[in-house]
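Working through the structure, step by step
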Amino acid sequence: MKQINIIIGLLLLLLVSSATGARYEEETAIPKNGCGINNNHTNYSGTGTKNIDYIDVQFSSPGNVGSYRPGSEAGLIVSVSEAPAKVEFYQMDGAGGTKIGEDSVQPYEQVITNVAAGIYVIKAIAMDSSGVELGSAITELFVGNSLVGIRPILHESYEMVSGQYPFVASHTDVITPFDWWYTKPFTGDFQTLETFFEFYISNAVVNVDTSTNTLVEWIKQNEDIGYSVKHILICREGKLLNWPPETLGPFEEDTRILSQIDVNRLRTLFTNAYDKGILKHKNYKLIQLVEHPTFFSKNSEASAVIKIMDGVCFESHQFNKHWPLHLGWEKDLEATSKAVRWTLSNNLDYVFYYGPWASTNSHGYYDNLEYSDEPVKEWLIRYWAAGMPKHHNLMHYYINNFPHGTGATRPIGPETNSYSTLGINKWMIEQFGRQTPVKEPRGADLVEIPGIKRAEPDNTVVKTKVPEKAFPPIPVYCGGVAGVSSLAAAENSAHYRASGGGLYLHNNGWGSLNKEEQKSVQKIFRDSPAAIELGFEPAAGWAKLLRDSYLKAGIRPDFIAANAFMANNIPTAAGWENYMKALRGAGLPESTLILPTFEYANFAKNIPKLLENRVTCRKDFQAIIRTAGGFVLDTPPGYAFTREEGYRIWLVDAIRWTREHGFEVVWISSPHSFGAAWSADTARFLNYLRGKNAMPTRIVVENYEGNPPEEYLNVVGSDRQESTALGVATRLITVDAVKLLTTGHH
């Protein structure tokens, strides 16, 4: 949608768009229809008389399973093989169903606002005009706040990483402070007081002698320094360690699972230790470590054992038979996810214990994953897509960080390195974890133990409190072309930067600045996040430009937006992968996202068939988004409301699909026609997206006018002027964010 400068000095000539960017085409009405459905099908209204045969009904959103943060909005969309008179929505329970709404116009939608934590079964029933049921579908909604935990074992020195994970240290819910592998001061940086650990039963009969049982000793060690034991991940590990047959569990299909006698003796052990004053509680949560991902939920005897325990832990990582994920022992991720939902539905905790991760320079490493060069993230994303709940109060995601073998080749930190263990921990927290710090720094809460060196109470990491504005609910970046030189004056962006705003470097605008202006912008925004907008083809040319104009200058962007759909070009997943490799080859860090601007809906020849070519309908679109890890939506808000409803449906579908699969959505707000309405249009469009449960994960505010008229109001300008790019961006963070973004981002 925006112009791209000709790059001087490249060997290959680049195509340049018009002075004002790609032209928005005249509005064309499009019928509402599903993927591949003939536009001329009959739509029977509530007053019609024609009977319709039994039809296929499916939830196109959220699919069979949805997962949401509490207080958010659950958007339900039903697709049908033939349009009925209406679709009614019911919340099902043991007594039947309670009607929550209906819709008589495609796409059949229902929004559940301010959802509370819990599990909901929603049924959609398609009916003809006389009230006869024609078909139905069921979806489950899981709502809650998942917890993030980490087994933070160092294979680097504490001094190498200390102070480099303030966000992780203040937001991680559960850690493992006691393990013979770990360097003890590391855990002193974390603000949480909850812990988990693994325990393996090695005797044929559980030892209930409180003076000799190692489990009692471990719990006491945790409690003596002020920790509360959240979970004990427990099993019999005899098969793996070649223990005698009598030490194995009672089930051949999964010898890790305990017997009912084991569980009863463990409960007795806890009670005895409490009565003697050794432990602080009479009972603790026993989480069954399972080897087989589904057996425990299918076998009635195994299920009976699980139900007298407190939950299930499935250990899935690159050191066991699950690697690589799509070729490993457990290929049926949907079946595994169904077992997860069985656990949560029985009010039991589920711990997804994954990692460690083979490094790309490890012996024997290979990555056949179809979409991602970040197999660690892809691991979770594939499970979420298969129906494992991302958000639920009883859902826990723990990182199993091994310090040996290939696990030791992946760096521990810093958290700003998305490839590191702490970087992955940060990503998990941002995806589904706690959005506010765990608690204030512990200081005096710590109990010293002889021989254990801990971080001092006034240590920088411990005393750091993450300022709210440093982590806005949706990060905002600002830049542009017209008036970009105003960024070189610090007073123009002082309020914006203090509020946490980031820098967006459009290549046209950045290239128009002289070297001194560029250095000034870099100095002013040195503590702010940054992003870059580039062109797409030829990849080698843009890679060279990236290296020479940005990376050599020390600019390290959070993401790069590339105009892949310029002039209605539709890239392939393979083409996008080659583009990414070219940019990585120029020195772009692995932590930087490379995202395509997705403008399929903006070109005239696509307008009559938009709804047949939504992202949910196009596997090639999905493959590009998966390969990139997200996409950029370049839609001026004023323009969005001049277009037909089908256009906005296409946008919402693209955002929802991308968000539901755990990927990034960057929305660029730019002035459609210059004037004073830009700020109001931006807020209005975000309100529309929020109402459709389709909020972006990042927002860019920029103009792309290379030759503005004299009366142009929407220059980059100053954060004190409402109609400028900096003014609109500042209002987003400081005013609209409070009422809009914090309630709409989930």
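Cut-off values and rules
Each chain has its residues counted from 1, following the order in which its sequence is written. Residues qualify for local features only when their pLDDT is at least 70, as the model is predicted, and side-chain atom pairs are given and counted only at 80 or more; totals for whole chains, interfaces and linings, by contrast, use all residues. Only heavy atoms go into the side-chain values, all of them from the structure, while hydrogens and water stay out. Within this scheme, the nonpolar core is defined by two criteria: the residues are buried Ala, Val, Leu, Ile, Met, Phe, Trp, Tyr or Cys, and they are joined through side-chain atoms within 4.5 Å. Three exposure classes are used, based on accessible area relative to the maximum for each residue type with a 1.4 Å probe and protein chains only: buried under 20%, partly exposed in between, and exposed over 50%. Counting from the N terminus, the helices are DSSP H or I runs at least four residues long and the strands are E runs at least two residues long. Contact definition: two residues touch when any of their heavy atoms are within 4.5 Å. Only centres within 6.5 Å qualify two rings of Phe, Tyr or Trp (six-membered ring in Trp) as a pair; their planes then separate them into stacked at under 30 degrees, edge-to-face at over 60, and tilted for everything else. Over a ring means this: the NZ of a Lys or the CZ of an Arg is within 6 Å of the ring centre and within 35 degrees of the ring normal. Strands are labelled as partners when DSSP assigns at least two bridges between them. Axis geometry follows a simple rule: fit a line to the C-alpha atoms, using only the stretch in contact for helices, then measure angles between N-to-C directions, giving values from 0 to 180 degrees. Relevant arc is that of directions from the helix axis to the C-beta atoms, nothing else. We define a polar contact as two N or O atoms separated by no more than 3.5 Å, with the added condition that, inside protein, one atom must be a possible hydrogen donor and the other a possible acceptor, whereas residues neighbouring each other in sequence contribute only through side-chain atom pairs.

Notes on the nonpolar core
As a rule of thumb, soluble globular proteins bury nonpolar side chains together. Of all hydrophobic cores here, the largest spans 156 residues; its most connected members are Ile232, Ile234, Phe352, Leu380, Met428, Leu534 and Phe559. By residue number, the principal contributor to this core is helix α19 (residues 645-660), which donates seven residues. Sequence-distant contacts of phenylalanine 559, that is, excluding residues within four places in its chain, are made with Tyr477, Tyr504, Ala530, Ala531, Ile532, Thr592, Leu593, Leu595, Val666, Arg698 and Val700. Core analysis: the next-biggest nonpolar cluster, separate from the first, contains 21 residues, Ile55, Val78, Val87 and Phe89 among them.

Details of the packing of aromatic side chains
Note on aromatic pairs: each is described by the distance of the centres and the angle between the planes. Evaluation of the coordinates by the stated rule reveals 35 aromatic pairs. Both rings, one in phenylalanine 565 and one in phenylalanine 621, keep their centres 6.2 Å apart while their planes meet at 70°; by these two values the pair is edge-to-face. Taken together, the residues phenylalanine 565 in the loop between β20 (559-562) and α16 (573-585) and phenylalanine 621 in helix α17 (residues 619-628) connect sequence positions 56 residues apart. On the accessibility criterion, phenylalanine 565 (0% relative accessible area) is buried. Classification of phenylalanine 621 by relative accessible area gives buried; the value is 0%. Feature note: the residues Phe314, Phe352, Tyr354, Tyr383, Trp384, Tyr397, Trp427 and Phe432 constitute an aromatic cluster, connected by ring pairs. One residue, lysine 426, lies across the ring of phenylalanine 167, its end atom 5.2 Å from the ring centre. Against the face of phenylalanine 641 rests arginine 684, its NZ or CZ located 3.7 Å from the ring centre.

Details of the sheet that holds strand β7 (residues 118-127)
Strand order in the open sheet formed by five strands is β2-β8-β7-β4-β5, with mixed pairing between adjacent strands. Both outer strands of the open sheet, β2 (65-68) and β5 (96-103), are each paired with one neighbouring strand and no more. Within the sheet, the average angular offset between the axes of one strand and its neighbour, ignoring direction, is 30°. Pairing analysis gives seven bridges linking strand β4 (residues 86-93) to β7, with the strands arranged antiparallel. Its bridge partner lying in β7, glutamate 88 is registered against isoleucine 125. The strands that helix α8 (residues 333-345) touches are β2, β7 and β8 (133-143); relative to β8, the one it contacts most, it runs at about 70°.

So, helix α7 (residues 300-308)
Where α7 is concerned, the buried positions are Ala302, Ser303, Val305 and Ile306. Viewed end-on, α7 has its buried residues packed into an arc of 160°, placing them on one side of the element. Of the exposed residues in α7, the ones pointing more than 90 degrees away from its buried face are Ser300 and Glu301. Elements in contact with the buried residues of α7: α5 (260-275), β13 (286-290), α6 (295-298), β14 (311-316) and α8. Its side-chain oxygen placed 3.0 Å from the backbone nitrogen of glutamate 301, asparagine 299 serves as the N-cap of α7.

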